[in-house]
Amino acid sequence: MPTTGFTTINGVLHADQVPLPAIAAAVGTPAYVYCANTVRDRFRRLDDAFAGVPHHIHFAVKANSNLHMLSLLRALGAGVDIVSGGELFRALEAGFGGRDVVFSGVGKTVAEIEQALRAGVALINVESEAELVAIDHVAGGLGLTAPIAIRVNPEVTVETPHAYIKTGEKGQKFGIPRDDVARLIAMIATLPHVELRGLGMHLGSQISNADPLRDALPRLLAAIAHARAKGHPVTYMDVGGGLSVPYEPNETSADLDDYARLVRAAALETGLTLLLEPGRYLVAESGVLLTEVLYRKHAAGKDFVVTDAGMNDLIRPALYQAYHAIEVVRHTAGALTADVVGPICESGDFFAKARVLPDVQAGALLAIRTAGAYGFTMASNYNSRPRPVEVLVDGERFAVAGAREQFDDLVRLERAPLHWRTA
Ligand SMILES: *Cc1c(COP(=O)(O)O)cnc(C)c1O
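Just so it is clear, the model here is predicted, and its values are computed rather than measured. (Residues numbered from 1 in each chain as written. Predicted model: local features only at pLDDT ≥ 70, side-chain atom pairs only at ≥ 80, totals over all residues. Heavy atoms only, no water.)

1. Digging into unusual backbone geometry
At the junction of Thr-29 and Pro-30, the peptide bond is cis and its omega measures out at -5 degrees in the coordinates. Backbone geometry places Ala-300, a non-glycine residue, at a positive phi of 50 degrees. Positionally, Ala-300 belongs in the loop between β14 (287-299) and β15 (302-307). Even without being glycine, Gln-321 reaches a positive phi, approximately 50 degrees. As for its placement among the helices and strands, Gln-321 is situated in the loop between α11 (316-320) and β16 (326-328). According to the relative accessible area criterion, Gln-321 is exposed, its value standing at 65%. (Helix = DSSP H or I, 4+ residues; strand = E, 2+ residues; numbered from the N terminus. Buried < 20%, exposed > 50% of the residue type's maximum accessible area, 1.4 Å probe, protein only.)

Printed below as a string of C-alpha cells:
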C-alpha cells in the first residue's frame, strides 16, 4: 500500500505520493499543504473508538475552516461545532445542514442566534443566564422553540501546554459554573421558547492526560441527572474537544484509548447520544506550512534562518510559545543550531529558537509540521502580507483548496471613497 501523510521518499519529503517541491514549484510559498488521507485516518480512529455508543463527531470549525476541508469531513459523516455566524455560513456553504450544527461560544449576538435558529441548528450551547434569556427572546420572535444545551464549567484543574487554551477551570469565562447549573435548569423550565436537549462541557485544548476528564465527567453526569429529574427532554451529552496531538518528536499525547474508555463508560451510563467536538485531533497532523529559506544570517554569535513565512501565517509559536517540528524538505547534510524566524517586524516572529537543523541555505524548502489546526484560521494580513495558498493532497494528486491572496485583496474593502456622515 502506498504511504500516506508526510513521509520522506528518496530524501524528499512527500505529502502522500506528491513531492513537496512539486507543490512549491506549482503554487509558490508560503503554502499550507493538507493531506486528506490523514484527516480520514484520524476521523476513523476516533469514530472506531466510540463504536457501539450512539455518537456524532462535530468538527470544531475554528481549527480549520477551509470549505474543502469541511466537505471532506462532511463526506466522512462529521457534523460541525461552530462559534460564529461566519462559521455557520461556511458550514452551510460546505453542504452541512442545520441539523449537523452545534453552536458554541460565550458571546453569540442576537443576529447570530437568529441566523442559527433559522438554519435549524441541532443545539445552541448556552454559556450564561443572560444569553439564555436572549435565545428565548429571539426564538419567541421567530415563533420557534430553540434546542439548547447547557455548557457546564466543571471547574476542574486542566493541564495544557499554555494557559490560553484552558477553558474548564474555575474563574474562566466559559460555561456555567457548576454551582449555578441547577438554578439555570430551573429557569429554563419557566421559559416558553427554549427546550433543554443536552448538557456538555469543553475543558480546553491539547489536554495532555485523562485526569481533568476523570474529574469532570462525574460533575457533568450529576448535572445531566438533575436536568432529567426535573423532566427536561435531555438527549445529548457533549464532551467537547481538546484531544491532544504530538507536536514534539517523541512527545506522548493523551491516549485515545484512555479517553474513549472514560467517555464511553459515562455515555453508556446515561444512555444519551454522545457528541464529540474535536478540532485539533482531526486536522493538526494533516497539515504543514511549506516555506522557503530566504536568507541565512549570523548576528551576535547566533545563527538565524529567515523564512518567507511569518507569524501572520502561523501565529502559534508567538501566541502560545508552541513548538512545531521543522523538517528540511530535501535531504541536506551538515548541522546548524539556529533561530528560524519570519520577515515580520516583531521579535515574537519566530518558528523555533536554537533549533538543530541540517545546514540549510537560501532557497531550501522547510516544512513546519503539525500546522493543519489553528494555522491558516489564525492567519492575518499583518505587515500587509497576503495570506498563503492552501493545497489539498489526496494520494497522487494535489489541488489548490484556497487561492493565495493578492495585493488587491488587501485594499479591496477600503477602495470606496470616504462617505462622511454626521450623527
Ligand atoms: C475550540 C473548541 C473545540 C475544539 O478544541 P480542540 O482542542 O481543537 O479539539 C471544541 N469545542 C469548543 C466549544 C471549542 O471552543
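2. Here's the deal with the domain arrangement of the protein
Split by domain assignment, the protein resolves into domain 1 (6-34 + 284-412) and domain 2 (105-276). Using only C-alpha atoms to locate each centre, domain 1 and domain 2 end up separated by 35 Å. In this complex, domain 1 contributes 10 residues to the contact, which on the side of domain 2 involves 8 residues. Between domain 1 and domain 2 lies a buried interface of about 870 Å² when both sides are counted; carbon and sulfur atoms form 62% of it. There are 0 residue pairs in polar contact (both at pLDDT 80 or more) connecting domain 1 and domain 2. Among the residues making up the side of domain 1 that touches domain 2, the classes are represented as 5 nonpolar, 3 polar and 2 charged. (Domains from an automatic or database assignment. Contact = heavy atoms within 4.5 Å. Buried area = accessible area lost by both parts, 1.4 Å probe. Polar contact = N/O pair within 3.5 Å; in protein donor to acceptor, adjacent residues only side chain to side chain. Nonpolar A, V, L, I, M, F, W, Y, C, P; charged D, E, K, R; others polar.)

3. A short note on the packing of aromatic side chains
If you walk through the whole model with that rule in mind, you get 3 aromatic pairs. Arranged with centres 6.2 Å apart and planes meeting at 25 degrees, the rings of Tyr-32 and Tyr-34 form a pair that is stacked. Relative accessible area serves as the criterion here: at 0%, Tyr-32 is assigned to the buried category. Taking the centre distance of 6.3 Å and the plane angle of 85 degrees together, the rings of Phe-50 and Tyr-259 count as edge-to-face. (Phe/Tyr/Trp six-rings, centres within 6.5 Å; stacked < 30°, edge-to-face > 60°.)

4. Brief notes about the nonpolar core
Ranked by internal contacts, the top residues of the largest apolar core, which has 103 residues, are Ile-148 and Met-237. Counting residues per element, this core draws most heavily on helix α8 (residues 211-229), which supplies 8 residues. Looking at this core, you find at least three residues from each of domain 1 (6-34 + 284-412) and domain 2 (105-276). Apart from residues no more than four positions distant in its own chain, Ile-148 is found in contact with Leu-123, Ile-124, Val-126, Leu-132, Ile-135, Ile-188, Val-194, Glu-195, Leu-196, Arg-197 and Gly-198. (Core = buried A, V, L, I, M, F, W, Y, C linked by side-chain atoms within 4.5 Å.)

5. Some remarks on the pairing of strand β17 (residues 336-341)
Where burial is concerned, most of β17 is hidden: 5 out of the 6 residues are buried. Pairing geometry for β15 and β17, over 4 bridges, is parallel. When the sheet's bridge partners are listed, Phe-304 is paired in β17 with Asp-339. (Pairing = 2+ DSSP bridges.)

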